[in-house]
Amino acid sequence: MIIWLAETLVATSLLMAAVMMVRRPLARWLGAGAAYMLWILPLARMLMPALPDQVADASPLHQVMNQSGLPAILVPTAAAQTVETSPAVPWLELVMALWLLGMVSFVFIQAVGYLRFRRMILKGATSVGWEGRLHVVISPHASGPLAFGIVHPHIVLPQDFALRYDPQEQDMAIAHERAHHERGDLVANMIALLLLALHWCNPIAWIAYRAYRADQETACDARVLALYGSDQAHAYGRAILKAAGGRQYAAACHLTRLATLKGRLKMLSSHETSLRRISWGMAAVAVATAAGLALTASGSRAAKQMAAITQKVEQADLTRLTDLVAQPAHATINAAALPAARDMPSPLAAPAAPEGEPVPAVAPLAPIAAVPPAADMTPPIPPVPPTPPVTVRSEKGRIIVTHADGRVVTHRVPTEEEITRMVPVVDVREGCEGKGITSHRETVDANGRRHIRVRICQNAIEAQARRAEHVGKVAARSGLIAARAQLAAARMSAQARAEALREIDDNIAELDGQGN
């Protein structure tokens, strides 16, 4: 089992690094949804058991693990079983205890954090209504729209939601959080946290988790724009910018995460993805998943080794850690393992001859025939240096990826000042500039930041309303005059005609009075 777990952790790390390298080109050519679906590959490899014995060939990763000498370290040898030194450090128990302690601590911290977040966000919340199973509430502790909850799903809105967002932005923000629940993103996030708990000491897993959350938000943005149309990207971008800021929680899906703001705004400007590209994207994800699982699978050799290694793992006694300090500094030989030398008769000793008689010659021993190898035995594989994996190192302002062939690729991370310059300053006020109802002007300051000035002319709106009202009255008066002419020529009694004409004349006079 140790071999399988070691191979699985290494394989999932390599697959995480591979997904991080291809996610952006895949999103650019096949859509954000295809890049998000590609993250199922590490999870599928984590859940994949060792292949059955019928599979003859091992994967490349399994061959590298065999050549690295790890099975020889973990499998107990005959000499190790015969001679045991009591003061030896129990490395297996130490590593297992450290890894289990870190994993349990991580899960405990995440669970406590989620319970505290849920209690805090629902404290003082006001219910707005229900959308099926989704409970929509307004919370004074929310800085922007967010979604959380699996058993009891919620959509949480900030207290100034109606004032900060216009009706179109409100609908699109709620649609974004509703999409998280409908796609099962909250369940996927919980599974991702459990996978991260297994890799708590792996820096690649932490970087991959951030990239996974970014792809999740971008895919949700693409779904909302597909629902409302790409012509509403400007309004949706305003909603994202208004939700920027505030504290982020791992257990919730926020409308805006500052770490993903740049990529999401860039996606809004190039959202067009055809149905054909989406189909090719799903096919590419399926092929990549199958290829990744095949290249990193634990083959039949791992299945055979697991049977021998499981016994050693089950014999691991964590209580040995408490006796580690109290052990003496000298080694002892297990008496049960080695029989006493004095009790063992020598096979080469000749019987004692009586004094004075010649000693008979001892016949030489026949040579021992070599034991033929069994049919199912495999010759030992000489150790070779393992292939260096892909390493990812995070430094200030950049991420450095070192490939197996020695290539080094550096990815630059934008600073907060650069992100601030990319987010425009929008100034919307009431005022009249020009002849239109609204005026729009953009400028760029000395720091390169865009300033968008929008003015809404109330006088122009009122003038347009008055013109529309006047046109309506003119049309109504023309209709009444035409109806009066038809009524005058109709065949009916004089009294009924007079009453109808008088009512029409009163309506015409009322319209004329309103016009004055």
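Up top is the structure.
**Student:** Got a minute to help me understand the side chain of Glu177 in this structure?
**Tutor:** Within the fold, Glu177 resides in helix α9 (residues 167-183). With near-sequence residues (within four places) excluded, Glu177 lies in contact with Pro145, Leu146, Ala147, Ile155, Cys253, His254 and Leu255.

**Student:** Even after reading the chapter, I still don't get helix α3 (residues 40-47), so can you show me in this structure?
**Tutor:** An α-helix turns once every 3.6 residues. As a result, residues three or four positions apart point the same way. Three or more residues of α3 are buried, namely Leu41, Pro42, Arg45 and Met46. End-on view of α3: buried residues confined to an arc of 135°, all on one side of the axis.

**Student:** I tried to follow the environment of Pro42 on my own but got confused; where do I start?
**Tutor:** You can see Pro42 is positioned in helix α3. Relative accessible area serves as the criterion here: at 2%, Pro42 is assigned to the buried category. Dropping the residues within four chain positions of it, Pro42 is found in contact with Thr12, Leu15, Met16 and Leu195.

**Student:** What is the right way to read the state of the cysteines from this model?
**Tutor:** In a disulfide, the sulfur atoms of two cysteines are held together by a covalent bond. Taken as a whole and assessed by the stated rule, the structure comprises one disulfide. A sulfur-sulfur distance of 2.0 Å marks the disulfide that ties Cys432 to Cys457. Given an S-S torsion of about 75°, the disulfide between Cys432 and Cys457 has right-handed geometry. With Cys432 in the loop between β9 (425-430) and β10 (438-444) and Cys457 in the loop between β11 (450-456) and α17 (458-488), the pair connects residues that are 25 residues apart, well separated along the chain.

**Student:** How should a nonpolar patch on the surface be read in this particular structure?
**Tutor:** Nonpolar side chains collect at one region of the surface, where Val426, Val428, Ile437, Ile456 and Ile461 lie side by side and expose about 360 Å² of accessible area between them. On the secondary structure map, Ile437 appears in the loop between β9 and β10. With a relative accessible area of 32%, Ile437 lands in the partly exposed category.

Scoring rules and cut-offs
- Residues numbered from 1 in each chain as written.
- Predicted model: local features only at pLDDT ≥ 70, side-chain atom pairs only at ≥ 80, totals over all residues.
- Heavy atoms only, no water.
- Helix = DSSP H or I, 4+ residues; strand = E, 2+ residues; numbered from the N terminus.
- Contact = heavy atoms within 4.5 Å.
- Buried < 20%, exposed > 50% of the residue type's maximum accessible area, 1.4 Å probe, protein only.
- Arc of directions from axis to C-beta.
- Disulfide = S-S within 2.5 Å.
- Patch = residues over 30% accessible without salt bridge, like charges linked within 9 Å, V, L, I, M, F, W, Y side chains within 5 Å.
- Areas by Shrake-Rupley, 256 points an atom, 1.4 Å probe, with all protein chains shown as cover.
- Salt bridge = Lys/Arg side-chain N within 4 Å of Asp/Glu carboxyl O.

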